[in-house]
Every structure is written in C-alpha cells, then in structure tokens.
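Understanding the architecture of this molecule
What follows is the residue order along each chain.
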Amino acid sequence: MRYKNALKNIREDRDLLQKDVSKVLGISQQYYSKYELGENELPLRHLQTLCEFYNVSADYLLGYTRKEIPLNKDKEKQG
C-alpha cells in the first residue's frame, strides 16, 4: 500500500501524533496506526477527511506524487 509512507510523512511533517489524526477521523490511535503500517486499507471517507485536514490532493496522500498539491476549493464552487 503506497499510502502508508505518505500518511506517516505528512503527519510527522506537521508535528502531529497518531492520536491527533485519529481524533480527526473519529477512530482509535491503534486503528489509525494500522493505516500507516499498511495493515488496514484506508476507506474513502477517511481519505477525503485527511485531504481536507491536511489540504492536499488525494494523489499525494495515496503516494502517486511527492508534491504536496493543495486542494483547489474553487473547482468545488464551480461544479
């Protein structure tokens, strides 16, 4: 699972603990840690929440790009 490294890196870059991110998602720290370890798949609803929380694209969080691309909120308003 490509995203496990991206999840850990972005969390650490922002000086957050797993428990901080798990609170945002409404899950336990232990459950969140399994996302970073690649033991559990990241559900779409959590991916969306994390994209908004970190203000980055899903491509970045999924590990398809190393460039932190901010969400384009203007596109949402146009649609």
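This text gives an overview of the structure that appears in the document.

Reading guide: rules and limits
- Each chain carries its own residue numbering, running from 1 in the written order of its sequence.
- Selection of residues for local features in this predicted model requires a pLDDT of at least 70, selection of side-chain atom pairs for listing and counting requires 80 or more, and totals for whole chains, interfaces and linings are taken over all residues.
- In computing side-chain values, all of the structure's heavy atoms are included and hydrogens and water are not.
- Each axis is a line fitted through C-alpha atoms, and for a helix only the stretch in contact is used; angles between axes span 0 to 180 degrees, taken between their N-to-C directions.
- A run of DSSP states H or I qualifies as a helix once it reaches four residues; a run of E qualifies as a strand once it reaches two. Both are numbered from the N-terminal end.
- Note on terminology: angles under 35 degrees are roughly parallel, angles over 145 are roughly antiparallel, angles of 65 to 115 are roughly perpendicular, and the others are oblique.
- The criterion used for residue contact is that any of the two residues' heavy atoms lie within 4.5 Å.
- Ten residues, namely Ala, Val, Leu, Ile, Met, Phe, Trp, Tyr, Cys and Pro, are considered nonpolar, four, namely Asp, Glu, Lys and Arg, are considered charged, and the remaining ones, Gly among them, are considered polar.
- Definition of nonpolar core: a set of buried residues of the types Ala, Val, Leu, Ile, Met, Phe, Trp, Tyr and Cys, connected through side-chain atoms within 4.5 Å.
- Buried means the residue's accessible area, taken with a 1.4 Å probe over protein chains only, is under 20% of the maximum for its type, while exposed means over 50%, and partly exposed covers the values in between.

**Comments concerning the packing of helix α2 (residues 18-25) against helix α3 (residues 29-37)**
As a packed pair, α2 and α3 sit with axes 8 Å apart at the nearest point and diverge in direction by 105 degrees. Comparing the axis directions of α2 and α3 gives the class roughly perpendicular. Together, Gln18, Lys19, Val21, Ser22 and Leu25 of α2 and Gln29, Tyr32, Ser33, Tyr35 and Glu36 of α3 make up the contact between the two elements. For the contact of α2 with α3, the class distribution of residues is 4 nonpolar, 4 polar and 2 charged.

**Quick notes on the nonpolar core**
With 16 residues, the main nonpolar core has Leu7, Val21, Leu42, Leu50, Tyr54 and Leu61 as its most contacted residues. Elements supplying a minimum of two residues to this core: α1 (3-13), α2, α3, α4 (44-54) and α5 (58-61). Ranked by the residues each element gives to this core, the list is headed by α4, at 4 residues. Once you skip the residues sitting within four places of it in the chain, Leu61 turns out to touch Tyr3, Ala6, Leu7, Ile10, Leu47, Leu50, Cys51, Tyr54 and Val56.

Structural measurements only, silent on function.
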